[in-house]
Amino acid sequence: PQRTYIFTFLLSSRVFIHPHELLAKVGQICIKQKQQLEAGTEAEKAKLKSFAAKIIQLLKEWTETFPYDFQDEKSMKELKEIAHRITQCDEENGTVKKIISQMTQNLLMALSARSQYQEIREKFRQPVTDKGTILKTKPQSTQKDILSVCCDPLILAQQLTYIELERVSNIYPEDLMQIVSHMDSLDNHKCRGDVTKTYNLEAYDNWFNCLSMLVATEICRVVKKKQRTRMVEFFIDVARECFNIGNFNSMMAIISGMNLSPVARLKKTWSKVKTAKFDVLEHHMDPSSNFCNYRTALQGAAQRSQTANSNREKIVIPVFNLFIKDIYFLHKIHTNRLPNGQINFKKFWEISRQIHDFLTWKQVECPFEKDKKIQSYLLTAPIYSEEALFIASFESEGPENHMEKDSWKTLR
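Conventions used here
Residues numbered from 1 in each chain as written. Predicted model: local features only at pLDDT ≥ 70, side-chain atom pairs only at ≥ 80, totals over all residues. Heavy atoms only, no water. Helix = DSSP H or I, 4+ residues; strand = E, 2+ residues; numbered from the N terminus. Buried < 20%, exposed > 50% of the residue type's maximum accessible area, 1.4 Å probe, protein only. Polar contact = N/O pair within 3.5 Å; in protein donor to acceptor, adjacent residues only side chain to side chain. Contact = heavy atoms within 4.5 Å. Phe/Tyr/Trp six-rings, centres within 6.5 Å; stacked < 30°, edge-to-face > 60°. Lys NZ or Arg CZ within 6 Å of the ring centre and 35° of its normal. Core = buried A, V, L, I, M, F, W, Y, C linked by side-chain atoms within 4.5 Å. Domains from an automatic or database assignment. Axes fitted to C-alpha atoms, helices over the stretch in contact; angles between N-to-C directions. Parallel < 35°, antiparallel > 145°, perpendicular 65-115°, else oblique. Nonpolar A, V, L, I, M, F, W, Y, C, P; charged D, E, K, R; others polar. Expected span 1.5 Å × (residues − 1).

Draft legend 1. The side chain of T269, seen in detail. On the secondary structure map, T269 appears in helix α15 (residues 267-272). T269 sits in the buried class, given a relative accessible area of 1%. Within polar-contact distance, the side chain of T269 engages the side chain of E397 at 2.6 Å. Among residues more than four places away in sequence, those in contact with T269 are K225, R228, T229, V232 and E397.

If you want it as structure tokens, here you go:
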């Protein structure tokens with residue numbers, strides 16, 4: 001079958017059957033087919049070579065696209081047994097042996113790279129919650145802020161894109177399929193989701209939240225109104241540069257940070273901001289008609305990416321939680337099985353098409369050079385909790401109405 005079919009089949013099969021069980025079935029077919037062809041005529045014996053080539057193609061695509069399916073001993077043992085049988089089908093041909101050993105080597109490398117990533121498991125930044133450190137001790141102008149580390153919106157947008165691509169590269173098709181299989185007790189199958197959970201998805205989602213909170217923290221902790229206005233305008237420019245690059249996820253995180261109540265309530269600050277640029281960004285991310293404007297922009301970026309000659313033009317980083325919602329929605333509105341009991345392959349074809357697009361985008365090599373100083377600040381600078389943000393916000397611009405006065409009292 002075509003590669004797209006193999007991909008869809010291997011991706012969606014895990015909703016119904018464990019990958020190692022599927023592999024075992026392939027193994028049984030191998031034994032049966034081999035016995036039949038060996039016992040047949042000379043012409044049938046000749047077919048063994050072509051059969052071996054097709055099985056190798058399947059295994060190669062399987063191990064390359066879903067290496068994690070082979071992390072348990074059962075799957076590895078099954079893979080070795082199939083490989084051994086296939087080698088026997090075409091023993092005088094040394095190429096088969098070579099291909100199989102190369103395939104195994106690549107698989108082991110992929111598995112080891114992934115397990116290293118799992119071990120690193122970045123320590124999530126904990127928001128600063130100690131009121132004492134925020135109240136009455138708002139940072140003096142000497143304290144480091146984002147502008148002292150990078151004052152060029154384009155460079156910051158490029159570094160955010162670098163971080164995004166690095167994190168996206170740790171998300172695999174089967175992680176995305178867990179959105180479907182996690183919620184599916186329909187076939188009473190416990191999927192591989194039980195092993196890895198959705199760690200990679202959560203880690204990426206956590207980055208979005210951290211970036212939003214960092215933007216809000218940077219704005220709320222500035223003491224002087226003039227500097228605070230400058231900070232707001234700086235982030236608007238960074239978000240705009242992210243949009244131009246095709247990094248919609250960072251752009252959305254920045255806008256979300258600026259729309260958080262502690263930032264949005266700073267009316268005196270916003271009155272000084274040139275908001276025309278911000279309005280354009282808000283228009284792109286307007287949620288009405290299921291984010292119609294954003295989807296048009298995403299489509300444009302995807303088309304540009306297809307015809308691009310440089311990596312710079314190939315970048316497409318969708319708003320991740322919207323991408324996840326789309327897959328979840330596709331899963332929810334269509335049943336897994338048709339009325340006649342057969343699998344609804346059309347549904348899985350559509351889900352796999354969207355996941356395939358995402359995989360194409362995540363393989364783009366980042367064209368920007370890493371700036372360690374900027375990235376270190378983005379990933380480790382302290383961020384305030386929601387409560388701490390409100391305290392800092394009220395310290396900057398006092399409460400305006402009864403409701404704000406009450407919450408300020410409670411916070412203090």
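Draft legend 2. Structural detail: the packing of aromatic side chains. Across all of its chains, the model carries 16 aromatic pairs by this definition. Ring geometry for Y204 versus F320: centroids 4.7 Å apart, planes at 65°, classification edge-to-face. With a gap of 116 residues between them, Y204 in helix α11 (residues 199-220) and F320 in helix α19 (residues 320-333) connect regions that are remote in the sequence. Centroid distance W270 to F278: 5.2 Å. Interplanar angle 45°. Geometry classified as tilted. Taking relative accessible area as the criterion, W270 reaches 16% and is therefore assigned buried. Every member of this aromatic cluster is reached through a ring pair, and the members are Y5, F9, F345 and W349. Between the NZ or CZ atom of R14 and the centre of the ring of F66, over which it lies, the distance is 4.6 Å. In this arrangement the basic side chain of K362 is found over the ring face of Y172, its NZ or CZ atom lying 4.5 Å from the centre.

Draft legend 3. Main features of the nonpolar core. In terms of nonpolar packing, the biggest core is built from 118 residues, with I86, L176, F248 and M258 touching the most fellow members. At 12 residues, α11 tops the list of elements feeding residues into this core. Inspection of this core shows a minimum of three residues originating in each of domain 1 (3-122) and domain 2 (142-411). M258 has contacts with V215, I219, V232, F235, I236, V263, A264, W270 and F278, leaving out every residue within four places of it along the chain.

Draft legend 4. Structural context of the packing of helix α1 (residues 3-13) against helix α20 (residues 345-362). At their nearest, the axes of α1 and α20 sit 9 Å apart, and the two run at 105° to each other. Taken together, the axes of α1 and α20 are roughly perpendicular relative to one another. The segment α1 lies against α20, with T4, Y5, F7, T8, L11 and S12 engaging F345, F348, W349, S352, I355, H356 and L359. Along the lines of polarity and charge, the residues of the contact of α1 with α20 split into 8 nonpolar, 5 polar and no charged.

Draft legend 5. Inspection of helix α12 (residues 225-245) at higher detail. Over its 21 residues, α12 runs 30 Å from end to end, which matches the ideal 30 Å to within 8%, given 1.5 Å per residue. Where α12 ends, the next residue or the one after it, G246, has phi of about 105°, a positive value.

Draft legend 6. Here's a closer look at the environment of L48. Position of L48 among the secondary structure elements: in helix α3 (residues 42-65). We classify L48 as buried; its relative accessible area is 7%. Linking L48 and L37, residues 11 residues apart in sequence, is a C-alpha distance of 6.5 Å. When neighbours within four sequence positions are excluded, L48 is seen to be in contact with K34, L37, E38 and C89.

Draft legend 7. Just the packing of α11 against α12, in detail. Two elements in contact, α11 and α12, have axes whose closest approach is 8 Å; the angle formed by their N-to-C orientations is 155°. By the criterion of interaxial angle, the relationship of α11 to α12 is roughly antiparallel. Where α11 approaches α12, its residues V215, E218 and I219 are matched on the opposing element by R228, M231, V232 and F235. Partitioned by chemical class, the residues of the contact of α11 with α12 number 5 nonpolar, no polar and 2 charged.

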